[in-house]
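Residue strings, one per chain:
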Amino acid sequence: MDEIIQIKNASYDRYKDLIMRRDALKKEAFQYEREYVRVFGELILAVFELKVACIRKKKTVAYYQTAANHGRAVDADELAAYLEREMAALNRQLDDMIADTENAKKAETITQADLLKIKRIYHKLVKRIHPDINPLMAQSEELQDLWQRVVTAYNCNDLKLMEESEILIMKLLGDEEGNAPMPDIPDIEEKIQEVEKSISIILDTDPYQYKYLLEDPSAVEEKTEDLENEKRAFEDYSGQLDDMLVAIMENGVGMIWHMN
């Protein structure tokens, strides 16, 4: 019996340690992504804005060309509605990129002492309410919401949010000490293998792989140059599309405007 308990305890400890390592790597990946956006975000955003503008111009040229082929004028309202539909997804993506770039620029630095506090609280809460460790979490929407606050605080190095979340969680659990019995985790060996696999995936893919780019000054310089070249290419293409639209309009394609 003692041997069974020891095996169970060892599996639980390994599972818990792997989950914390996985979550730590996720956090690192999040931070590398923030740094990647901070370093390259303005250029990436400029390139994408030009790309979106070129796609809009290309669709406008095609719309005008279709009107010219059918010998009719272009209805301004219909063109505007068409472009709004066609560009909706790209415009939403552009808005998201603008928000990400702004958030990365506003990211604050944090002291090593505060980082250690965040890590200590996070490890304490992992053992209590991590969804992968405590199956009872599925029964409490309030705890699930609080766990999401913890994840956000952990990833964003927000000590204030982490401390507030800890107080709310301990109050909800009715336990200020945080001493909880080891939960029973079904199929724990299979779950251990799943976490090990997820760790390998994190290490081998972006955004964690940004680490090696960001740590290499020559790679950063090369990436910047590539983005600058891509930006110039879109600028040239944008000018070509403008010339194409002017040429179509000069061939007699009119525009119907609706007065409000």
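Quantities reported herein were computed from a predicted structural model and do not represent experimental measurements.

Quick look at the side chain of Glu166 now. Along the polypeptide, Glu166 turns up in helix H5 (residues 159-173). Residue Glu166 is classed as buried on the basis of its relative accessible area of 13%. Excluding anything up to four places from it in sequence, Glu166 contacts Ile121, Lys124 and Leu125.

Before going further, it helps to spend a moment on a negative patch on the surface. Residues Glu215, Asp216, Glu221, Glu222, Glu225, Asp226 and Glu230 make up a contiguous surface patch of negative charge. Note that Asp216 resides in the loop between helix H7 (210-214) and helix H8 (217-250).

Considering all chains together, one arrives at 12 salt bridges under this definition. For Lys16, the salt bridge goes to Asp17, with nearest N and O atoms at 3.4 Å. Owing to a relative accessible area of 13%, Lys16 belongs among the buried residues under this scheme. A residue is classified by how much of its surface remains accessible, and Asp17, at 42% relative accessible area, is partly exposed. When the shortest N-O distance is used, the salt bridge between Arg22 and Asp23 registers 3.2 Å. Its relative accessible area of 9% is what places Arg22 among the buried residues. Among the charged side chains, a salt-bridge network with shared partners connects Arg22, Asp23 and Asp132.

Core analysis: the largest hydrophobic core is formed by 47 residues, its most contacted members being Tyr15 and Met162. Secondary structure elements with two or more residues in this core: helix H1 (2-69), helix H3 (112-129), helix H4 (141-156), H5, helix H6 (188-204), H7 and H8. The biggest single contributor to this core is H1, with 14 residues. When residues no more than four places from it in sequence are discounted, the contact partners of Met162 are Ile118, Ile121, Tyr122, Leu125, Val150, Ala153 and Tyr154. In this structure, Val61, Tyr63, Ala67 and Leu83 belong to the second largest nonpolar core, which totals 10 residues.

What follows is about H8. Spacing of three or four residues puts side chains on the same side of an α-helix, whose turn is 3.6 residues. Over its 34 residues, H8 extends 50 Å from the first C-alpha to the last, a length consistent with the 50 Å expected when each residue adds 1.5 Å. Gly252 sits one or two positions beyond H8 and adopts a positive phi of about 105°.

Taken as a whole, the second largest pocket holds about 240 Å³ of empty space. Along the walls of the second largest pocket sit Met20, Arg21, Ala24, Lys27, Glu28, Gln112, Leu115, Leu116, Lys119, His123, Tyr154 and Asn157, which together make up its complete lining. Within the residue set of the lining of the second largest pocket, elements represented by two or more residues are H1 and H3. Looking at the lining of the second largest pocket, its residues break down into 5 nonpolar, 3 polar and 4 charged.

Right, let's talk about the side chain of Ser238 for a bit. Within the fold, Ser238 resides in helix H8. A polar contact is formed between the side chain of Ser238 and the side chain of Lys57, at a distance of 2.6 Å. With residues up to four places along the chain from it excluded, the contact list for Ser238 reads Cys54 and Lys57.

Reading guide: rules and limits
- Residues numbered from 1 in each chain as written.
- Predicted model: local features only at pLDDT ≥ 70, side-chain atom pairs only at ≥ 80, totals over all residues.
- Heavy atoms only, no water.
- Helix = DSSP H or I, 4+ residues; strand = E, 2+ residues; numbered from the N terminus.
- Buried < 20%, exposed > 50% of the residue type's maximum accessible area, 1.4 Å probe, protein only.
- Contact = heavy atoms within 4.5 Å.
- Patch = residues over 30% accessible without salt bridge, like charges linked within 9 Å, V, L, I, M, F, W, Y side chains within 5 Å.
- Areas by Shrake-Rupley, 256 points an atom, 1.4 Å probe, with all protein chains shown as cover.
- Salt bridge = Lys/Arg side-chain N within 4 Å of Asp/Glu carboxyl O.
- Lys, Arg positive; Asp, Glu negative; His and termini not counted.
- Charge placed at Lys NZ, Arg CZ, Asp CG, Glu CD.
- Core = buried A, V, L, I, M, F, W, Y, C linked by side-chain atoms within 4.5 Å.
- Expected span 1.5 Å × (residues − 1).
- 1 Å grid on protein atoms, 1.4 Å probe; cavity = no way out; pocket = protein on both sides within 12 Å on 5 of 7 lines; lining within 4 Å.
- Points joined across faces, edges and corners; volume = space filled by probe spheres on them.
- Nonpolar A, V, L, I, M, F, W, Y, C, P; charged D, E, K, R; others polar.
- Polar contact = N/O pair within 3.5 Å; in protein donor to acceptor, adjacent residues only side chain to side chain.

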